[in-house]
Amino acid sequence: MKKGFLLPSVFKPIGWITFLVFLPFAIACLYYNFSIPWLQLYYPENPSTDDYNLTNELAFAGVIIGLLMVVFARLKHEDEFISKLRLESLQWAVVINYAVTLVSLFAFYGMTFFAVLAYNILTILIAFILKFYYSMYILKKNLAREEG
Amino acid sequence: MKNTIRVQRAIKNITQAELADLVQVSRQTINTIESGKYVPSTVLALKIARVFNISVESVFELEEGD
């Protein structure tokens, strides 16, 4: 079997840890105006609208990269059927992602809409993780049921 | 597509897990192929046929509607 572009399976726990470490950072930045002083790029003229502190960017990037690692980490035993499951989960995740985007388009307006859109960046990764690992769980359950 | 893997396994007296190990896939894959939920790649089909020492057409058969 050709090597795909999946990461080694060790990246799954690394990804979860990264995600869980950066998630509180991101929440702190968003809701508690947390910022690390030495990450300030420069002091803008208009502090209320221009944000040149990199803390929130780093926190969000950490969350995204953590989830990306979980998505692209290979399982311990990859084979062609699991590749097919992976592809189907990815297709499903894309559709769900745009369904959420379209609903948000009409449900939220103004600044709220942009905030929702920022969360929407993660929807595809989360949808894939849920669908793929749920499919694996159902598969294992069916297998155990057939065995017994 | 129909397949006779279950029959061939019984003839050769091996379990799904053993067949899976022989062709280097997971047991889930063999299970889904046997139940007709998944069509294996050509390479996998050839490997399975080779385990049973018969031709691929004896294991896998096209159905109406394929």
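Please read these numbers as outputs of a predicted model, since none were measured by experiment.

Here is what the cut-offs are and how they apply
- Residues numbered from 1 in each chain as written.
- Chains lettered and ligands numbered in written order.
- Predicted model: local features only at pLDDT ≥ 70, side-chain atom pairs only at ≥ 80, totals over all residues.
- Heavy atoms only, no water.
- Helix = DSSP H or I, 4+ residues; strand = E, 2+ residues; numbered from the N terminus.
- Rg over C-alpha atoms; globule rule 2.2 N^0.38 Å.
- Buried < 20%, exposed > 50% of the residue type's maximum accessible area, 1.4 Å probe, protein only.
- Lys, Arg positive; Asp, Glu negative; His and termini not counted.
- Salt bridge = Lys/Arg side-chain N within 4 Å of Asp/Glu carboxyl O.
- Polar contact = N/O pair within 3.5 Å; in protein donor to acceptor, adjacent residues only side chain to side chain.
- 1 Å grid on protein atoms, 1.4 Å probe; cavity = no way out; pocket = protein on both sides within 12 Å on 5 of 7 lines; lining within 4 Å.
- Points joined across faces, edges and corners; volume = space filled by probe spheres on them.
- Nonpolar A, V, L, I, M, F, W, Y, C, P; charged D, E, K, R; others polar.
- pLDDT = per-residue confidence, 0-100.
- Expected span 1.5 Å × (residues − 1).
- Bend = angle between axes of the 7 residues up to and from the residue.
- Contact = heavy atoms within 4.5 Å.

Colleague: Would you explain the overall build of chain B in this entry?
Modeller: Counting its regular elements, chain B contains 5 helices and 2 strands. Listed by position from the N terminus, the elements making up chain B come as β-α-α-α-α-α-β. Since a compact globule built from 66 residues should have a radius of gyration of about 11 Å, the 11 Å found for chain B is in line with a globular shape. Once the C-alpha set of chain B is aligned to its principal axes, its extents read approximately 30 × 20 × 20 Å.

Colleague: Just checking my understanding: could you explain the side chain of Glu80 of chain A for this structure?
Modeller: For Glu80 of chain A, the position within the fold is in helix α3 (residues 80-107). Among buried charged residues, Glu80 of chain A stands out as having no salt bridge; its nearest opposite-charge side chain is Lys47 of chain B, 7.6 Å away. In this structure the side chain of Glu80 of chain A is engaged in a polar contact, spanning 2.9 Å, whose partner is the side chain of Tyr38 of chain B.

Colleague: Looking at this model, I keep getting lost on the layout of surface pockets. Mind explaining?
Modeller: Left-over empty space is what a probe sized like a water molecule reveals as it rolls over the atoms. All names here are of chain A. Volume-wise, the largest pocket comes out at about 590 Å³. Only α1 (11-32), α2 (55-72) and α4 (110-147) provide two or more residues apiece to the lining of the largest pocket. Residues that form the lining of the largest pocket fall into these classes: 14 nonpolar, 5 polar and 2 charged.

Colleague: For this particular structure, what's the right way to read the pattern of salt bridges?
Modeller: Where side chains of opposite charge bring their charged atoms close, a pairing between them can arise. Throughout the structure, instances matching the rule amount to 5 salt bridges over all chains. For the salt bridge of Arg86 of chain A with Glu78 of chain A, the shortest nitrogen-to-oxygen distance reads 2.7 Å. The exposure classification of Arg86 of chain A matches that of Glu78 of chain A, with both residues buried. The structure contains a network of salt bridges with shared partners spanning Arg6, Arg9 and Glu34 of chain B.

Colleague: So what exactly am I meant to see when it comes to the confidence of the model for chain B here?
Modeller: A low pLDDT means the predicted coordinates there should not be read in detail. All names here are of chain B. Scored by pLDDT, chain B has a mean of 90; 100% of the residues are at 70 or more. Element-level mean pLDDT values for chain B span from 86 in strand β1 (residues 2-3) up to 92 in helix α4 (residues 42-52). Confidence estimates for the predicted assembly give a pTM of 0.85 and an ipTM of 0.81.

Colleague: In this structure, what is going on with α1 of chain A? I would like to understand it.
Modeller: Since the α-helix turns once every 3.6 residues, residues separated by three or four places project in the same direction. Residues and elements named next belong to chain A. For α1, spanning 22 residues, the distance from its first C-alpha to its last is 30 Å, which sits close to the expected 32 Å at 1.5 Å a residue. Of all the bends in α1, the largest measures some 25 degrees and sits at Phe22, one to four residues before the proline Pro24. Residues Gly15, Thr18, Phe19, Ala26, Ala28 and Cys29 constitute the buried set of α1. Where α1 is buried, its residues meet α2. Looking one or two residues beyond α1, the residue adopting positive phi is Asn33, at roughly 50 degrees.

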